[in-house]
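# What the coordinates show
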Amino acid sequence: MFYPCALASAMLVAGCNASPTNNTAALPETANSTTNQTMTFPVTKTDAEWRQELTPEQYRVLRQADTERPFTGLYWNTKEPGVYRCAACKQVLFTSKDKFDSGCGWPSFSDLASAKTVILRNDDSLGMRRTEVICAHCGSHLGHLFDDGPKPTGLRYCINSASLNFEKTNPPPPNPEEKK
Ligand code: FE
């Protein structure tokens, strides 16, 4: 399936772009931005520790909210069964069951592996309002959430490959637990 964000993606230098058309899905409520500034996470490390543990690209994306160029990451076209973990803290975030071909050049998922694995917050950078997705366990930047995904959720979690570690599973992963 090809989504309208492909054209926008081709014009991008970097960044998960908002779709030119709004769909019917309502984005989940975002966390209060003031709260985010004082938010604490189960996994907490110093900046020096993150720099030591992550590759330079992972550090730029996960800890500095950079965005990899479309169609360059490891997983944008991955179709194998498995789970996708946060590259920083190893928490399972997504499964192949919810991965779909958005045409954007970034791994795209229509749902989370389980509820409460990510936190959403408003992102007003680049002159537009977007919804940032961060890991609920370590606070690392993952990507952005849009409302132009496939049914039934209508959501598109547009995630950097650099923020993920894919773990192949065979047979396919079980049904996600604790879904909303
Ligand atoms: Fe994490």
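Now for a look at the structure at hand. All values derive from a computational prediction rather than experimental measurement.

With that out of the way, let us pick up the sheet that holds strand 1 (residues 82-86). Strand order in the open sheet made by the three strands is 2-1-9, with antiparallel pairing throughout. Of all strands in the sheet, those with a lone pairing partner are strand 2 (92-95) and strand 9 (164-168), marking the two edges. Taken over all neighbouring pairs, the strand axes of this sheet differ in orientation by 30° on average, direction set aside. Both strand 1 and strand 2 contribute to a ladder of three bridges, which runs antiparallel. Bridge pairing in strand 2 links Y84 to F94.

Time to look at the pairing of strand 6 (residues 130-135). For a regular strand, side-chain orientation follows a simple rule: the groups alternate between the two sheet faces. Most of strand 6 is tucked away, with six of its six residues classed as buried. Of the two faces of strand 6, the one lined by R130, E132 and I134 and the one lined by T131, V133 and C135 are each fully buried. Relative to strand 6, strand 5 (residues 118-123) runs antiparallel, the two being bridged by six bridges. Within strand 6, the residue paired with D123 across the bridge is R130. Between strand 5 and strand 6, which pair antiparallel in sequence order, lie six residues; one of them, L126, sits at a positive phi of approximately 60°. Alignment of strand 6 against strand 7 (residues 141-146), held across four bridges, turns out to be antiparallel. Looking at the pairing, I134 lines up with H141 of strand 7.

Criteria and cut-off values
- Residues numbered from 1 in each chain as written.
- Predicted model: local features only at pLDDT ≥ 70, side-chain atom pairs only at ≥ 80, totals over all residues.
- Pairing = 2+ DSSP bridges.
- Helix = DSSP H or I, 4+ residues; strand = E, 2+ residues; numbered from the N terminus.
- Axes fitted to C-alpha atoms, helices over the stretch in contact; angles between N-to-C directions.
- Buried ≥ 20, exposed ≤ 12 C-beta atoms within 10 Å, placed from the backbone.

Function-wise, these values are silent; they only describe arrangement.
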